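Coordinate analysis (summary)
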Number of protein chains: 2
Amino acid sequence: MQLMKAELKQHCPNDANVNCANCRLNSICLPLALRQDEITQLDDIVQRGRPVQKGQHLYRQGENFQSIYAVRSGAIKAYSTTDDGEEQVTGFYFPGEILGMDGIGQNRYASSAQAMDVSAICEIPFHRMEELSGKLPSMQKHFFKLLSQEIVEDQRHITLLSKNSAEERLAALLVSISARHARRGLSATSFRLPMSRGDIGNFLGLTIETVSRVFTRFAKQGLISIANKDVTLIDLEKLKETANVF
Amino acid sequence: MQLMKAELKQHCPNDANVNCANCRLNSICLPLALRQDEITQLDDIVQRGRPVQKGQHLYRQGENFQSIYAVRSGAIKAYSTTDDGEEQVTGFYFPGEILGMDGIGQNRYASSAQAMDVSAICEIPFHRMEELSGKLPSMQKHFFKLLSQEIVEDQRHITLLSKNSAEERLAALLVSISARHARRGLSATSFRLPMSRGDIGNFLGLTIETVSRVFTRFAKQGLISIANKDVTLIDLEKLKETANVF
DNA sequence: ACAGTACGTTGATACGCATCAATAAAGTTG
DNA sequence: CAACTTTATTGATGCGTATCAACGTACTGT
């Protein structure tokens, strides 16, 4: 509950006068690699709309690709639907993270993006981003990096699915979310999981039941405590070991 | 055997005077989106070395990232080694395909790349590629696309590992390799698998034994015929169904 | 506060693939 | 071409997670 308040602060300063230069996320988000004057140019093309409600979509698979998105607060899940109608959750996105880049290649989004909580979002029209990248080498470089890092992330996830047990997968997810919270100055050990058990299972290639059972097992082992969506990582070290994060 | 000869032709014209403009792969490789004069500029930065022998590495995980690579002939596998020493094959690369882009994000390669056959390779120093992308919008655009498409590929693979059975996975790989052969004007139904059963299993999140058994099952069902590394896809349609490719 | 509904937990059973083990075939080297 | 090594096949068994089913708990709107 306190966590939620902390999150809310991030899009509080009435949103009207939020900009990249004063955004508290600018050290981990797109402006990361930019000089002050470059940030201003980025800011000119960033669009900030009204908060997105829980369940609303930012974009849907197959739609014309227009923009990439930065999460300012809340949490987004991306998922793709296969030809035979099955859904695969491909990622969870937290404040400071960028999504939508899978649309570049085919000029249409390869996945759908849905808010798991009320979220504040920055929209960055891609054609303007491209222009800017042509002018600012550091912007181009950073953008190449972003794309490349997403590839590396996905490959890590492939390895996770291919090689790791249910316990290892879930531990890895908890450790990952923990690290991403810590990066934003929030607690590394206590947070709310914005996604359902179903989403977790889908993301990790497991059933709801297995996710539930592993949570219970972790709790019995004293690694975590969990009540609904609120987790506390009691033994983060052991979780990291389980997740093979050294 | 005939297949090998066809492959060899692709890097035959004595290699000394190969360039992007006359390369028979230029319609599917990097020059794809470029005008004639732009191809010349690309050609200036492409380096073509001696053939890489089977088993040799193009780069290794953790090494300084310098270049991306295009396969001109042969076949390359990419794999990453996790902290706990396990290997994960992350991709197979055939002529006309680009690899090494996972190194951009961290300035070091996130995976290793090893030749599965004697291969001819084009090396493209990345910093020169970046410069060129700053000057040629179509180059920048194409490169963004390439990166994005690799993300989409990886996400498809995640779905495969997360949702599909051994048979579906192996069928999907066969269909994918078939399509990539066809794209280069080679037979869609008859080709040599350059990788070992171990590599296939590793890539698909299966054991060697399971791969072997599924091959045998496919053969008994009359979907394929297989002798060592030479496959013939007898019923490509049914394989596509099995792979959920519609 | 209450019914209604979605979401989560827990238990019993089944099944697909991993593992272990033995053999066979292919590739390599002197 | 024989001896060796590596790679692939086939069979027997076991384990981890899916599936099916029942129940419990949290959220929703009136």
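Anything mentioned here points back to the structure above.
In what follows, the accompanying structure is described. (Residues numbered from 1 in each chain as written. Chains lettered and ligands numbered in written order. Predicted model: local features only at pLDDT ≥ 70, side-chain atom pairs only at ≥ 80, totals over all residues. Heavy atoms only, no water.)

**Side note on the protein's contact with DNA strand D**
- Near DNA strand D lie 18 residues; those nearest to it are A:Ala166, A:Thr210, B:Ser212, B:Arg213 and B:Thr216.
- Here DNA strand D approaches the protein such that, of its atoms within 4 Å, sugar and phosphate make up 64%.
- Measuring from a base nitrogen of DNA strand D, one finds a side-chain N or O atom of A:Glu209 at 3.0 Å.
- Note that a base oxygen of DNA strand D is positioned 2.9 Å from one of the side-chain N or O atoms of A:Arg213. (Near = heavy atom within 4 Å. Polar contact = N/O pair within 3.5 Å; in protein donor to acceptor, adjacent residues only side chain to side chain.)

**Some words on the environment of B:Glu209**
- Relative to the assigned elements, B:Glu209 resides in helix α7 (residues 208-220).
- Judged by relative accessible area, B:Glu209 falls into the partly exposed class, the value being 45%. (Helix = DSSP H or I, 4+ residues; strand = E, 2+ residues; numbered from the N terminus. Buried < 20%, exposed > 50% of the residue type's maximum accessible area, 1.4 Å probe, protein only.)

**Points about the sheet that holds strand β9 (residues 190-192) of chain B**
Residues and elements named next belong to chain B.
- The sheet built from three strands is open, its strands ordered β9-β11-β10 with antiparallel pairing. Single-partner strands in this sheet number two, and they are β9 and β10 (224-227). With direction set aside, neighbouring strand axes in the sheet form an average angle of 15 degrees.
- Sheet analysis places β9 next to strand β11 (residues 230-233), joined by three bridges and oriented antiparallel. (Pairing = 2+ DSSP bridges. Axes fitted to C-alpha atoms, helices over the stretch in contact; angles between N-to-C directions.)

**With respect to the interface of chain B and chain A**
- Residue-level contacts link 43 residues of chain B with 43 residues of chain A.
- Summing the contributions of chain B and of chain A, the shared interface buries around 4000 Å²; its carbon and sulfur component is 57%.
- For the pair chain B and chain A, the number of links is two salt bridges.
- Between A:Lys141 and B:Glu130 there is a salt bridge, with its nearest N and O atoms 3.1 Å apart.
- Here chain B and chain A share 19 residue pairs in polar contact (both at pLDDT 80 or more) between them.
- If you list the elements that add at least two residues to the side of chain B that touches chain A, you get β5 (87-93), α3 (126-135) and α4 (137-163) of chain B.
- No other element matches α4(B), which puts 19 residues into the side of chain B that touches chain A.
- Among the residues forming the side of chain B that touches chain A, the class breakdown is 12 nonpolar, 20 polar and 11 charged. (Contact = heavy atoms within 4.5 Å. Buried area = accessible area lost by both parts, 1.4 Å probe. Salt bridge = Lys/Arg side-chain N within 4 Å of Asp/Glu carboxyl O. Nonpolar A, V, L, I, M, F, W, Y, C, P; charged D, E, K, R; others polar.)

**Some remarks on unusual backbone geometry**
Residues and elements named next belong to chain A.
- Despite not being glycine, Asn107 has its phi angle at roughly 60 degrees, a positive value.
- The topology assignment puts Asn107 in the loop between β6 (98-99) and β7 (112-115).
- The class for Asn107 is partly exposed, based on a relative accessible area of 39%.

**Concerning the pairing of β11(B)**
Residues and elements named next belong to chain B.
- The side-chain alternation of β11 yields one buried face, formed by Val231 and Leu233, and one unburied face, formed by Asp230 and Thr232.
- As defined by bridge partners, β10 adjoins β11 across four bridges and the pair is classed as antiparallel. Across the sheet, the residue bridging to Ile226 is Val231, located in β11.
- Taken together, β10 and the strand that follows it, β11, pair antiparallel across an intervening segment of two residues, in which Asn228 is found at a positive phi of about 55 degrees.

**Some remarks on the protein's contact with DNA strand C**
- In the neighbourhood of DNA strand C, 17 residues make up the surrounding shell, with A:Ser212, A:Arg213, A:Thr216, B:Ala166 and B:Thr210 lying closest.
- Of what DNA strand C places within 4 Å of the protein, 64% of the atoms are sugar or phosphate.
- A distance of 2.9 Å separates a phosphate oxygen of DNA strand C from a polar side-chain atom of A:Ser212.
- A:Arg213 has a polar side-chain atom sitting 2.7 Å from a base nitrogen of DNA strand C.
- Secondary-structure elements contributing two or more residues to the surface near DNA strand C are α7 (208-220) of chain A together with α7 of chain B.
- When residues in the surface near DNA strand C are grouped by element, the largest group, five residues, is from α7(A).
- Looking at the surface near DNA strand C, its residues break down into three nonpolar, eight polar and six charged.

**Points about the packing of aromatic side chains**
Residue and element names in this part refer to chain A.
- Under the defined criterion, the tally for this structure stands at 17 aromatic pairs over all chains.
- Considering the side-chain rings of Tyr59 and Tyr109, the 3.9 Å spacing of their centres and the 10 degrees angle between planes classify their relative orientation as stacked. With Tyr59 in strand β2 (residues 57-59) and Tyr109 in the loop between β6 and β7, this pair connects stretches of sequence that are 50 residues apart. Pair check on accessibility: Tyr59 and Tyr109 agree, each one buried.
- The ring of Tyr79 has Lys77 sitting right over it, with the charged end atom 5.3 Å from the ring centre. (Phe/Tyr/Trp six-rings, centres within 6.5 Å; stacked < 30°, edge-to-face > 60°. Lys NZ or Arg CZ within 6 Å of the ring centre and 35° of its normal.)

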